[in-house]
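# Results of the structural survey
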Amino acid sequence: MDSCYAIELRNITKRFGEVVANRDISIGLKRGQILSLLGENGSGKTTLMNMLAGIYLPDEGQILADGEPISIRSPKDSFRYGIGMIHQHYKLVDVFTAAQNIVLGLNEGGLNIKETNTRVQEICDRYGFDIDPAKKVYDMSVSEKQTVEIIKVLYRGAEILILDEPTAVLTPQETQKLFAILRNMRDDNKAIVIITHKLNEVLELSDEVAVLRKGTYIGTVKTAETTAQALTDMMVGHAVALNIDRPFNQNQTERLTLKNVTCYDHEQVKKLDNVTFTVNGGEILGVAGIAGSGQKELLESIAGLYPVAEGSIEYTPPEGDVKNLVGMSPTQIHKAGVALAFVPEDRLGMGLVGSMGMTGNMMLRSWKNGFGPFVDRKGPQELANFIWNDLEVVTPSTEFPVRRMSGGNVQKVLVGREIASHPSVLMSAYPVRGLDINTSYAIYNLMTEQKMNGVAVLFVGEDLDVLLELCDRILVLCGGKVSGIVDARTATKDQIGLLMTSVGGKEEA
Amino acid sequence: MGEKTKTPLIRLAKRDGLNPSAAWGIRLASILVALLLGSLVILITGNNPFEAYGIIVNGALGSEVFVRQTIKNAIPLLGCAIAIAPCFKMRFWNIGAEGQITAGALAATFIMRQMVGKVPSVVLLLAMGLAAAIGGGIWGLIPAFFKAKWNTNETLFTLMMNYIIIGVVSWLQIGPWTANQGRMAQFDEAACLPKVMNIHCGWIIVLVLVVFMFIYMKYSKHGYEISVIGDSENTARYAGMNVGYIMMRTMFLSGAICGIVGFIVASGANNTLSAEVANGVGFTSITVAWLSQLNPFVMIAISMMLAVLEKGTSSLNTWLAVPASVSDIIIGLLLFCMLGCEFFINYKLIFRSSHNGKEGEAK
């Protein structure tokens, strides 16, 4: 039964309300093969795999295991058929050790630590993992947590492994280590699926690539017989230039200078450690780093939303005196005449009001301006209409709740509003996360346009390729420290990757 | 694979915004279902459901006296639902309306005892109303202050505040302020709300409050702040709003309106103060507020409906000689169905289609 697929999906359709997340998709997974499931964000990759993991049920179509029709109604069923999925957001218990997490939920009649450890060790030796079974999850790095997740499904006897965006939070070095492990597993005759939208990883790792576009199955190709350009065309439907236009603004002036800024969270853990840098009007300063290295705290402390324990944040306006923003609330910063625009990472939870329409969300910047106790809706209404047309936001009306818009449109509303406030500093955190390629480029262009207008742009990103093409300089954060600032025109990915880990940081210091 | 697993018989899927007319259709259907279930209960007691429902309607609206009593019952329900609406919009779970009503009535009574006979009736009533608003407002402000300062749980806090103030009034009632055998004296005529169309003028006050609250929530800066906080506190902070201050301000307003309701009940309906002045209104009004989707104008209809039920079912036991609990069961069924139907407005059920099943077997 060599030709038989380990798992086969036949004509799978899944709808969420009006939205068709997967339309009539048929894909087969073979043993001893790494399959990449490629597609832009929102193309339905995760939804499709969640049906194998027992999280969703298909509305139509069939799943076959070794040629037998099966129905996966729960994650438990999924395990029974030897399917293990490693989700993008890890599902581990923080206060448990690696070993405790691995056996969690298994009904083996009591916990035998010694036996568990032996079995975990066996799995580690077999595939090249490196983990201490007694280490608590809260002490682990992201990469270690991922390792625990993978061992967890192997321990349960998974023959089919699905990894959702496994490299999103890893450094380039950690990524290489993971790839080596995945190759070992393939050689051990396991069927492996990685969900990704990164072309270079697809080309490097997988044997076959299945491409989804907007919920539809486009086709499967052998990796050896394809190119990055061909895959991009399949993914987006038409050829897209992969270059981001990067003009140089000659008139750069100092705009925002942070000196020795240190922040603590409410548990007194240092989140920013002695951060010093300057961002100029007329440049895009990229901020790179592994997720959770202080990016959020950095932007929020500038915006007056995060308490700064030590140091100064000096704002030099195009005309006028230098002001120190430390200790000011967002309202005070605004009143001091500092035009600060902020596109936060959590769009609906921080930047927008999900239950309101575009107009209500425009008011978020201008709600104080109305006459007496009443709000002014006219100005925001006009602004909403302008953004609706100018940025081609897809929505039935300016009163339609933004929560129900697609991710790209939500982001257009947010970025549009922030840019409309005529900022002199524009901060954005992961502004293209979850957006399709066209919208992403629209956002890049808006950022560049602002830069050419003399705005100081701070761009926190996760895709190093984009940072290297878009920014003028890149600041790398590691554990709340600035581990280096590099020229984006000359730096390489490896260089930034090294700075993202503490090793690189120490070398720089 | 020994036994084949099948898709479950019923699955749930979230609806993506049902159109309003369909939503109201479901709500109406839920009332019909409740009436049908209620008929079963009445049948079990050996009575004719049609006759029973007739008695309910008749008992609440059959004569002018009945109508007046029903409206009297609806006034505090409506006033209190309006009071808690901004809190609920803000997702601040104020279940202390009961205590805020009592605190308002207490403050009004206190002022009445100080000023009665010394000033004209209008001045006295205005002073009592103002005192009630401040008293109720402070009672609402305290839990909001603790929530803003130390992030205490407002649900427990507001609930506990009820028992404190009710205890205080019980003590005054049998202690310092007692008139005869644990009762307080009736209010002086000057301290009673005048009647308009034979009902105390509290109905005018609450109708004014309805309009005020509608405008406040929809067109004021405060209303906007409340909506933003209710959606996401982080967004509110991002927009430069002082979340703690807004919470305290809103709770003061909510408590103040509850306090005015307390004043209306004590001065207009009961003409005295007792520990039972709130009489569960603070809790029932939560139902009114939710059923109305926090819309003040819809609250008028819902509070009237509940008042009709309350008044009407109470005549059931006298006319049909059924136990009093039967009326409670009918009200309970209605509320259960009406609140429960929101589930069907937000979710739809998908039944396993026979088509899929056959396809599975054919393979």
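These numbers come from a predicted model, not from an experiment.

### Let's talk about the confidence of the model for chain A
Averaged over all residues, the pLDDT of chain A equals 86, while 95% of them reach at least 70. The low-confidence segment residues 503–509 of chain A (pLDDT under 50) makes 7 contacts with residues lying over four places distant or belonging to another chain.

### Considerations on the interface of chain B and chain A
In this assembly, 31 residues from chain B lie in contact with 43 residues from chain A. Summed over both sides, the interface between chain B and chain A buries roughly 3,100 Å², with carbon and sulfur atoms accounting for 55% of that surface. Contact with chain A buries surface across chain B, with Lys-221, Tyr-224 and Tyr-238 of chain B losing the most and accounting together for 27% of the total. A salt bridge links Asp-231 of chain B to Arg-403 of chain A; the shortest N-O distance between them is 3.5 Å. Taken together, chain B and chain A are joined by 19 residue pairs in polar contact (both at pLDDT 80 or more). Elements with a minimum of two residues in the side of chain B that touches chain A: helix 7 (202–219), helix 8 (221–231), helix 9 (233–238) and helix 14 (354–362) of chain B. The residue makeup of the side of chain B that touches chain A, split by class, is 9 nonpolar, 11 polar and 11 charged.

### A look at the pairing of strand 1 (residues 10–14) of chain B
Residues and elements named next belong to chain B. Covered by surrounding structure in strand 1 are Arg-11 and Ala-13 only, the residues Ile-10, Leu-12 and Lys-14 on the alternate face being uncovered. Relative to strand 4 (residues 347–351), strand 1 runs antiparallel, the two being bridged by 5 bridges. When the bridges of strand 4 are listed, Arg-11 appears paired with Ile-350.

### Focus: the domain arrangement of chain B
All names here are of chain B. In terms of domains, chain B is made up of domain 1 (15–45 + 323–363) and domain 2 (74–320). Each of domain 1 and domain 2 was reduced to a C-alpha centroid, and the two centroids are 33 Å apart. Every contact between the two is made by 11 residues of domain 1 and, on the other side, 11 residues of domain 2. Buried area between domain 1 and domain 2, both sides added, is near 1,000 Å², and the carbon and sulfur share of it is 84%. For domain 1, the biggest contributors to the area lost against domain 2 are Ile-331, Leu-335 and Met-338; these three give 36% of the whole. In this structure, the connection of domain 1 to domain 2 is made through 0 salt bridges. Seen at the junction of domain 1 and domain 2, the total is 1 residue pair in polar contact (both at pLDDT 80 or more). The element best represented in the side of domain 1 that touches domain 2 is helix 13 (residues 324–346), accounting for 9 residues. Its residues placed into classes, the side of domain 1 that touches domain 2 shows 8 nonpolar, 1 polar and 2 charged.

### Observations regarding the packing of aromatic side chains
By the definition in use, this model includes 15 aromatic pairs over all chains. Residues Tyr-127 of chain A and Phe-129 of chain A carry aromatic rings whose centres are separated by 6.5 Å and whose planes lie at 75° to one another, so their mutual orientation is edge-to-face. Residue Tyr-127 of chain A shares its accessibility class with Phe-129 of chain A, and that shared class is buried. Centroid distance Phe-145 of chain B to Phe-146 of chain B: 5.7 Å. Interplanar angle 85°. Geometry classified as edge-to-face. By relative accessible area, Phe-145 of chain B is classed as partly exposed at 33%. What makes Phe-146 of chain B partly exposed here is its relative accessible area of 30%. A network of ring pairs unites the aromatic residues Phe-145, Phe-146, Trp-150 and Phe-157 of chain B as a single cluster. Positioned above the aromatic ring of Tyr-430 of chain A, the side-chain terminus of Arg-433 of chain A is 4.2 Å from the ring centre. Lying over the aromatic face of Trp-24 of chain B, Arg-27 of chain B brings its terminal NZ or CZ to 4.3 Å of the ring centre.

The rules behind the values
Residues numbered from 1 in each chain as written. Chains lettered and ligands numbered in written order. Predicted model: local features only at pLDDT ≥ 70, side-chain atom pairs only at ≥ 80, totals over all residues. Heavy atoms only, no water. pLDDT = per-residue confidence, 0-100. Contact = heavy atoms within 4.5 Å. Buried area = accessible area lost by both parts, 1.4 Å probe. Salt bridge = Lys/Arg side-chain N within 4 Å of Asp/Glu carboxyl O. Polar contact = N/O pair within 3.5 Å; in protein donor to acceptor, adjacent residues only side chain to side chain. Helix = DSSP H or I, 4+ residues; strand = E, 2+ residues; numbered from the N terminus. Nonpolar A, V, L, I, M, F, W, Y, C, P; charged D, E, K, R; others polar. Buried < 20%, exposed > 50% of the residue type's maximum accessible area, 1.4 Å probe, protein only. Pairing = 2+ DSSP bridges. Domains from an automatic or database assignment. Phe/Tyr/Trp six-rings, centres within 6.5 Å; stacked < 30°, edge-to-face > 60°. Lys NZ or Arg CZ within 6 Å of the ring centre and 35° of its normal.

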